[in-house]
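Understanding the architecture of this molecule
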Amino acid sequence: MSTFAVIIPSAGQSSRFGGLEKKPFVSLDGRPIWLRTAELFWSRVDVSRTYLVIAPDDRESFRSRFGHLLAFANAELIEGGKERFESVENALKAVPSEVDYVAVHDAVRPLVTGKLIDTVFAASRETGAAILALPVADTLKRVDGSVIRETVPRSVLWCAQTPQIFRRDLLVDAYRRRSEWNHVSITDDSQLMELCGHHVTVIPGSPTNFKITTQDDLVLAEAVLKSRVITSEQRTSLRGYGEEAEW
């Protein structure tokens with residue numbers, strides 16, 4: 001079986017979130033967001049390593065609050081950099097050479113489903129690089145100041161999500177060449193792979209696999225979690241009456 005390492009960047013400043021805590025450490029229905037995210041991966045039999053990347057300033061407080069959870073899951077804490085790509089690169093250096101694939105998943109996307117993870121992991125095994133994404137549904141406008149200059153065709157546009165999974169050797173090579181693209185603002189790992197000439201497969205994601213960026217997103221995430229609990233209870237109730245419905 002192919003082995004995966006999972007890098008979970010959570011070293012951002014959470015400037016758009018507000019509040020006293022950074023987003024990954026905030027409680028989502030009673031549990032920290034980063035934990036809800038990480039446990040989706042470290043419980044998988046094909047994941048051999050999990051790396052949580054945090055800001056150096058958060059290291060001591062994180063260990064005092066959550067260190068026992070990392071020890072339980074055999075996960076490793078990595079110090080991040082000023083930019084996201086630096087955080088991923090720091091974790092990538094810790095991934096052993098025997099690992100076949102590396103997945104990068106935002107710490108604040110805790111609602112991705114196991115089925116989607118299965119699908120995008122399988123696609124990466126076939127193609128070497130795969131990400132989740134959603135086709136753009138809204139009409140897009142290019143705006144100059146407050147004036148519309150152009151309506152942008154959306155037929156080939158997708159919104160990238162995570163996890164993004166790559167063959168370890170391809171991702172290591174892409175980061176080795178990162179300095180070639182210092183003039184480009186690189187916002188995710190698939191963009192770096194594209195610049196290096198690697199093809200990346202797109203797998204349809206889900207609208208509920210959104211990134212918690214604002215307080216409103218947190219409220220929506222709690223609503224999604226509660227709806228999933230209700231659905232699960234409904235299934236159990238129906239099956240208790242002998243009805244095996246397909247879900």
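Just so you know, these numbers come straight off a predicted model, no measurement behind them. (Residues numbered from 1 in each chain as written. Predicted model: local features only at pLDDT ≥ 70, side-chain atom pairs only at ≥ 80, totals over all residues. Heavy atoms only, no water.)

1. Brief notes about helix α5 (residues 168-176)
Of all the positions in α5, only Arg168, Leu170, Leu171, Ala174 and Tyr175 are classed as buried. Along the axis of α5, the buried residues cluster in a sector spanning 165 degrees; they form a single face. Taken together, the buried residues of α5 touch α3 (84-92), β6 (101-104), β10 (158-167) and α6 (189-195). (Buried < 20%, exposed > 50% of the residue type's maximum accessible area, 1.4 Å probe, protein only. Helix = DSSP H or I, 4+ residues; strand = E, 2+ residues; numbered from the N terminus. Arc of directions from axis to C-beta. Contact = heavy atoms within 4.5 Å.)

2. Some words on the pairing of strand β5 (residues 76-79)
As paired elements, strand β4 (residues 47-54) and β5 share four bridges and run parallel to each other. Bridging across to β5, Tyr51 finds its partner in Glu76. A crossover connection joins β4 to the parallel β5 through helix α2 (residues 59-73); in handedness this β-α-β unit is right-handed. (Pairing = 2+ DSSP bridges. Right-handed = clockwise from strand over helix to strand, strands pointing away.)

3. Observations regarding the nonpolar core
Counting residues in hydrophobic clusters, the biggest one holds 31 residues, and the most contacted among them are Trp34, Trp42, Leu52, Phe62, Val120, Phe121 and Ile165. Elements supplying a minimum of two residues to this core: β1 (4-9), α1 (33-42), β4, α2, β6, α4 (114-127) and β7 (129-135). If sequence neighbours within four positions are ignored, Trp42 has contacts with Trp34, Leu35, Thr50, Leu69, Ala73 and Ala75. Ala91, Val102, Ala133 and Leu192 belong to the second-largest nonpolar core, a separate cluster that totals 25 residues. (Core = buried A, V, L, I, M, F, W, Y, C linked by side-chain atoms within 4.5 Å.)

4. Quick notes on α3
Where α3 is concerned, the buried positions are Ser87, Val88, Ala91 and Leu92. Buried residues of α3 fall within an arc of 135 degrees about the axis and therefore sit on the same side. Taken together, the buried residues of α3 touch β1, β4, β5, β6, α5 and α6.

5. Things to note about the sheet that holds β10
Strands sit in the order β5-β4-β1-β6-β10-β7-β11 across an open sheet of seven strands; the sheet is mixed. Looking at the sheet topology across the chains shown, the edges are occupied by β5 and β11 (201-204). Across this sheet, the average inter-strand angle for adjacent strands is 25 degrees, counted without regard to direction. Pairing analysis gives four bridges linking β1 to β6, with the strands arranged parallel. Residue pairing in the sheet places Ile7 in a bridge with Val104 of β6. Against the sheet, α4 engages β1, β4, β6, β7, β10 and β11, with an angle of about 130 degrees to β7. (Axes fitted to C-alpha atoms, helices over the stretch in contact; angles between N-to-C directions.)

6. Some words on the packing of aromatic side chains
Counting across every chain of the model gives nine aromatic pairs. On the numbers, 5.7 Å between centres and 55 degrees between planes, the contact of Phe25 with Phe62 is tilted. Residue Phe25 is located in the loop between β1 and β2 (27-28), and its partner Phe62 is located in helix α2; the two are separated by 37 residues in the primary sequence. Each member of the pair, Phe25 together with Phe62, is buried. Between Phe25 and Phe66, the aromatic rings sit 6.2 Å apart at their centres with planes inclined by 35 degrees, giving tilted as the arrangement. A residue pair is termed long-range when its members are at least 10 positions apart, and Phe25 in the loop between β1 and β2 and Phe66 in helix α2 qualify at 41 residues. Judged by relative accessible area, which is 7%, Phe66 ranks as buried. What links up through ring pairs into an aromatic cluster is the set Phe25, Trp34, Trp42, Phe62 and Phe66. Across the ring face of Phe121, the terminal group of Arg44 is positioned such that the distance to the ring centre comes to 4.7 Å. Taking the ring centre of Phe85 as reference, the NZ or CZ of Arg178 above it sits at 4.0 Å. (Phe/Tyr/Trp six-rings, centres within 6.5 Å; stacked < 30°, edge-to-face > 60°. Lys NZ or Arg CZ within 6 Å of the ring centre and 35° of its normal.)

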